[in-house]
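Topology and contacts: notes
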Amino acid sequence: MLPTGSVPEPTLFPGGEPPTGSLITHGPRDRPRIALTFDADMTRAVYAALRTGRARTWYDPSIVDELRATHTPATIFLTGLWTQSYPDVVRSMAADPLFEIANHSVDHAAWKLPCFRLTPVASSAAKRAEVRDAAAEIQSVSGISPRYFRFPGGCAGPNDVKLVASEGEQPVGWDATSGDAFQSDPRAVVANVLRQTQPGSIIVMHLMGPPNAPATSRALVQILPRLRQRGFQFVTLSMLVDANPSGPPSSTAVPSEAP
Ligand SMILES: [Zn+2]
């Protein structure tokens, strides 16, 4: 899931203001806070395979277990089809203050080609439906209206970014890609994350587990302590990007696990 290079320059999302027409790819660089994000992809083909028993699962619960055991906040980008397939998991995450729920389209179709051989979205109207219908599904299952939207595969043009903002959601990308999709060696995932993470980073990983993201969970148990050793503090996406850039310096930042 590599950035396409066709998106606008990243900018910060000012707290409390409407979504901007720009893609957010990171938070403030002047404090050691970072946001771990997990995408819960699901295409229509995978949805059909699950329904007919040709696929067994598209969720790795050990990822969420590890985040909870280590009190690590994370932001979860849900597709509508994943939400429909795992409503109890979605409700459980939505009820847990560690987790923030966000929008990853209905069916993980491509907004701009080429995009990892994903099926393209047909029209602007269909793109609006990708945003609205996923938000409606997430809302009906969890009671939460997502504020942030991530393009499947990160594939989007400037007009797509504006379209999402006009639907009232803030488009969000990343600046640190774990490369966990179809990667069986956790050492590669760990190395990718450690190499790219810097203050303000948004790290992208996946929630599906094997066969799609077989090493994510094993990588995560190494990534969390090693980034903490480097002095990074994990926060949700809204905590990262809504921060007032002229606020207190990092040394006086409030811990995420305040009592
Ligand atoms: Zn995705």
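Rules used in this analysis
- Residues numbered from 1 in each chain as written.
- Predicted model: local features only at pLDDT ≥ 70, side-chain atom pairs only at ≥ 80, totals over all residues.
- Heavy atoms only, no water.
- Helix = DSSP H or I, 4+ residues; strand = E, 2+ residues; numbered from the N terminus.
- Donors = N, O, S within 2.8 Å, 3.2 Å for Na, K, Ca; no water.
- Buried < 20%, exposed > 50% of the residue type's maximum accessible area, 1.4 Å probe, protein only.
- Phe/Tyr/Trp six-rings, centres within 6.5 Å; stacked < 30°, edge-to-face > 60°.
- Arc of directions from axis to C-beta.
- Disulfide = S-S within 2.5 Å.

1. Concerning the environment of G157
- Tracing the backbone shows G157 in the loop between β4 (148-149) and α6 (158-166).
- G157 sits 44 residues away from L113 along the chain, and the two C-alpha atoms are 9.8 Å apart.

2. Quick look at the coordination of the zinc ion
- Distances from the zinc ion to its protein donors, D41 (OD), H104 (NE2) and H108 (NE2), fall within 2.1 to 2.2 Å.
- Sequence positions of the residues that donate to the zinc ion give the spacing D-x62-H-x3-H. Of this pair, D41 sits in the loop between β1 (33-40) and α1 (44-51) while H108 is found in the loop between β3 (99-103) and α5 (124-142), placing the two residues 67 residues apart along the sequence. With respect to burial, D41 and H108 carry one shared label: buried.

3. Brief notes about the packing of aromatic side chains
- Applying the stated criterion to the full structure yields 6 aromatic pairs.
- Ring centres of Y59 and W82 lie 5.4 Å apart, and the angle between their planes is 85°; this geometry places the pair in the edge-to-face category. Taken together, the residues Y59 in the loop between α1 and α2 (61-69) and W82 in helix α3 (residues 80-85) connect sequence positions 23 residues apart.
- Of the residues examined, Y59 reaches a relative accessible area of 13% and is grouped as buried.
- W82 gets classed as buried once you look at its relative accessible area, which sits at 0%.
- With centroids separated by 5.6 Å and ring planes inclined at 55°, the aromatic side chains of Y59 and Y86 adopt a geometry described as tilted. With Y59 in the loop between α1 and α2 and Y86 in the loop between α3 and α4 (87-94), this pair connects stretches of sequence that are 27 residues apart. With respect to class, Y59 is no different from Y86; both count as buried.
- Put simply, the rings of Y59, W82 and Y86 pair up and form one aromatic cluster.

4. Considerations on α4
- Of all the positions in α4, only V89, V90, M93 and A94 are classed as buried. Take α4 and look down its axis: the buried residues cluster within an arc of 130°, on one side only.

5. Details of the state of the cysteines
- Under the criterion given, the structure shown has 1 disulfide.
- Two residues, C115 and C155, share a disulfide whose sulfurs are 2.1 Å apart. A torsion of 85° about the S-S bond marks the disulfide between C115 and C155 as right-handed. Here C115 is found in the loop between β3 and α5, whereas its partner C155 is found in the loop between β4 and α6, with 40 residues between them in sequence.
- Using a relative accessible area of 2% as the deciding quantity, one classes C115 as buried.
- A relative accessible area of 1% means that C155 is categorised as buried.

Keep in mind these values describe shape, not function.
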